[in-house]
Every structure is written in structure tokens, then in C-alpha cells.
Amino acid sequence: MTQKKETCEVCGKPATSLTTCKSCGRKYCKKCHSPSTKQNFCKECVAMEGVVSKK
């Protein structure tokens, strides 16, 4: 039995699970998650300085 793959809206690659970014609302894969905030933000939103609070 195969798992349904969805497409990451940040990198465009197929993934088995996606998380929704709290800032932009896009669905992203584990590789596109930004661990620096310890919250559900994609790496592109965190890269935009001032968009995401790191508190």
C-alpha cells in the first residue's frame, strides 16, 4: 500500500506529510521548516527579517 504524496508549496517536491505555515499559510515539508523559531513557520517566512517574531 502506498502513501499519498502531497506537494510542498515552498520547494515543490512531493512529501508524505505537510505542515501549514503560521505566517503565509502555505503547506511545507520537513525540509522547508525553520527550526530556529521552534514554531510552525516555513524557512522563507523566517528568512524575511521582521516578518516572524522569534520569541
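All figures in this text were calculated on a predicted structure; none of them were measured in a lab. (Residues numbered from 1 in each chain as written. Predicted model: local features only at pLDDT ≥ 70, side-chain atom pairs only at ≥ 80, totals over all residues. Heavy atoms only, no water.)

Visitor: Break down the overall build of the chain for me, citing the residues and quoting the values.
Guide: Along its length, the chain carries one helix and four strands. Counting all 55 residues of the chain, 25% fall into the buried class. When contacts within the chain are restricted to residue pairs at least 6 apart in sequence, those whose partners lie at least 24 apart make up 8%. For the chain, the exposed surface amounts to about 4200 Å²; the carbon and sulfur share of it is 49%. (Helix = DSSP H or I, 4+ residues; strand = E, 2+ residues; numbered from the N terminus. Buried < 20%, exposed > 50% of the residue type's maximum accessible area, 1.4 Å probe, protein only. Contact = heavy atoms within 4.5 Å. Areas by Shrake-Rupley, 256 points an atom, 1.4 Å probe, with all protein chains shown as cover.)

Visitor: Tell me about unusual backbone geometry, and please be specific about residues and values.
Guide: Peptide bonds are mostly trans, and most non-glycine residues show a negative phi. Residues other than glycine seldom take positive phi values, yet K38 does so here, at roughly 60 degrees. Turning to its location among the elements, K38 is positioned in the loop between β4 (27-28) and α1 (43-47).

Visitor: Could you give an account of the pattern of salt bridges, with specific residues and numbers?
Guide: For the structure on display, the rule yields one salt bridge. Here E44 ties to R26 by a salt bridge, and the two come within 2.7 Å at their closest N and O atoms. On the criterion of sequence distance, the pair formed by E44 in helix α1 and R26 in the loop between β3 (19-20) and β4 is long-range, its members being 18 residues apart. Residue R26 is classed as partly exposed on the basis of its relative accessible area of 24%. (Salt bridge = Lys/Arg side-chain N within 4 Å of Asp/Glu carboxyl O.)

Visitor: Go over the nonpolar core, please, and point to the residues and values.
Guide: Within the largest apolar cluster, eleven residues are counted, these being C8, V10, A15, C21, Y28, C29, C32, F41, C42, C45 and V46. Discounting residues that sit within four places of it in the chain, C29 has contacts with C8, C11, A15, S17 and L18. (Core = buried A, V, L, I, M, F, W, Y, C linked by side-chain atoms within 4.5 Å.)

Visitor: Tell me about the side chain of S34, and name the residues and values.
Guide: As for its placement among the helices and strands, S34 is situated in the loop between β4 and α1. For S34, a relative accessible area of 7% corresponds to the buried category. Side-chain polar atoms of S34 contact the side chain of S36, separated by 3.1 Å. Once residues within four sequence positions are removed from consideration, S34 is found in contact with Q39, F41, C42, K43 and V46. (Polar contact = N/O pair within 3.5 Å; in protein donor to acceptor, adjacent residues only side chain to side chain.)

Visitor: Which residues make up the confidence of the model for the chain, and what are the values?
Guide: Caution is warranted with low-pLDDT regions, since their predicted coordinates should not be read in detail. The share of residues in the chain with pLDDT of 70 or more is 82%, and the mean pLDDT across the chain is 86. Per-element mean pLDDT across the chain ranges from 91 in α1 up to 97 in β4. (pLDDT = per-residue confidence, 0-100.)

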